[in-house]
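# Working through the structure, step by step
The lines below spell out each chain.
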Amino acid sequence: MKENWNQAFKQMLASEGGFTDDERDKGNQLPDGRKGSTMLGVTQFNWERHVGHKVTHDQMRKLTPADVEPLYKKKYWDVVRADELPNGIDYLVFDMGVNAGPGRSIKLLQTAVGVTPDGGFGPITMAAVQAIDPVTLIERFSAEKVVFYRGLNDFKTYGNGWLNRVAAVKLKASSMLG
């Protein structure tokens, strides 16, 4: 829902954390061979695409929530149609979109509601979302996230963090159902 944007954005930022240049993180690998970094969950690659030029690690370190908010709104929240989703479900789908890409989040949502997981969020997906009990949807979506993460090659490295995030987001999304 539109009124959840600010709360969802703040919660997501709390999950994403600050600056990192962990070379094991695929998000910190730039296609031109430079060592990348991430700040507030925004990879250097995505930030450079957003601003239209290369940036340094020092510039990445200086990003603020106000700097990255328009990127998150346009490239994640709007893409997963969060303004049209029920309270709690909006945050759930947005947060996964940030962590694994909006297309992946939409596919997991589609699987959770029992429609063909094609990554396109059209009227069939929306009708299925609106027809399911939100508590059931949160359970199913969270279970799909766990399956997805466990299937990743770097689960040994990042798995505990991902599973902790699944649990925290599930709890927060449930509290937003109101």
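Quick note: structure is the one above.
This write-up is about the structure you can find in this document. Just so it is clear, the structure is predicted and the values come from calculations on it, not from any experiment. (Residues numbered from 1 in each chain as written. Predicted model: local features only at pLDDT ≥ 70, side-chain atom pairs only at ≥ 80, totals over all residues. Heavy atoms only, no water.)

## Points about the overall build of the protein
What counts, and what does not: Secondary structure follows DSSP: runs of H or I at least 4 residues long count as helices, runs of E at least 2 residues long count as strands, and numbering of each begins at the N terminus. Our radius of gyration looks at C-alpha atoms and nothing else; its globule reference is 2.2 Å times the residue count to the power 0.38. Here's how the labels work: a residue is buried when its accessible area is under 20% of the maximum for its type, exposed when over 50%, partly exposed in between, all with a 1.4 Å probe on protein chains only. Throughout, a residue-residue contact means that at least one pair of heavy atoms, one from each residue, lies within 4.5 Å.
For the protein, the helix and strand inventory stands at nine helices and two strands. Across the protein, helices and strands are ordered from the amino to the carboxyl terminus as α-β-β-α-α-α-α-α-α-α-α. Its C-alpha atoms give the protein a radius of gyration of 16 Å, within 12% of the compact-globule value 16 Å for 178 residues. Along the first, second and third principal axes, the C-alpha atoms of the protein reach 45 × 35 × 30 Å. A burial count over the protein gives 42% of its 178 residues as buried. Excluding contacts between residues fewer than 6 apart, the proportion of contacts in the protein whose partners are at least 24 apart in sequence is 55%.

## Concerning the pattern of salt bridges
Selection criterion: Should a side-chain nitrogen of Lys or Arg be within 4 Å of a carboxyl oxygen of Asp or Glu, the pair is scored as a salt bridge.
Counted by the stated rule, this structure contains 13 salt bridges. The residue K35 makes a salt bridge to D21 at a minimum N-O spacing of 3.5 Å. Here K35, found in the loop between α1 (5-16) and β1 (38-39), pairs with D21, found in the loop between α1 and β1; they are 14 residues apart in sequence, far enough to count as distant. Judged by relative accessible area, K35 falls into the partly exposed class, the value being 39%. Salt-bridge contacts for D95 lead to R165; the nearest nitrogen and oxygen are separated by 2.8 Å. In this pair, D95 sits in helix α5 (residues 89-100) while R165 sits in helix α9 (residues 155-175), placing the two residues 70 residues apart along the sequence. In this pair, the class of D95 matches that of R165, namely buried.

## Things to note about the packing of aromatic side chains
Cut-off, in case you're wondering: Think of it this way: a Phe, Tyr or Trp ring, Trp meaning its six-membered ring, pairs with another when their centres are within 6.5 Å, and the plane angle makes it stacked under 30 degrees, edge-to-face over 60, tilted otherwise. Ring-over charges, as used throughout, are those where CZ of Arg or NZ of Lys falls within 6 Å of the ring centre and within 35 degrees of the ring normal.
Tallied over the entire structure, the rule returns 11 aromatic pairs. A ring pair is formed by Y149 and W162, whose centres lie 5.0 Å apart and whose planes are at 15°; its orientation type is stacked. Placement of the pair is Y149 in helix α8 (residues 134-150) and W162 in helix α9, with a sequence separation of 13 residues. We classify Y149 as buried; its relative accessible area is 2%. Feature note: the residues W5, F9, Y72, Y76, W77 and F94 constitute an aromatic cluster, connected by ring pairs. For the cation-ring pair, R81 lies above F121, with the distance from its terminal atom to the ring centre recorded as 4.9 Å.

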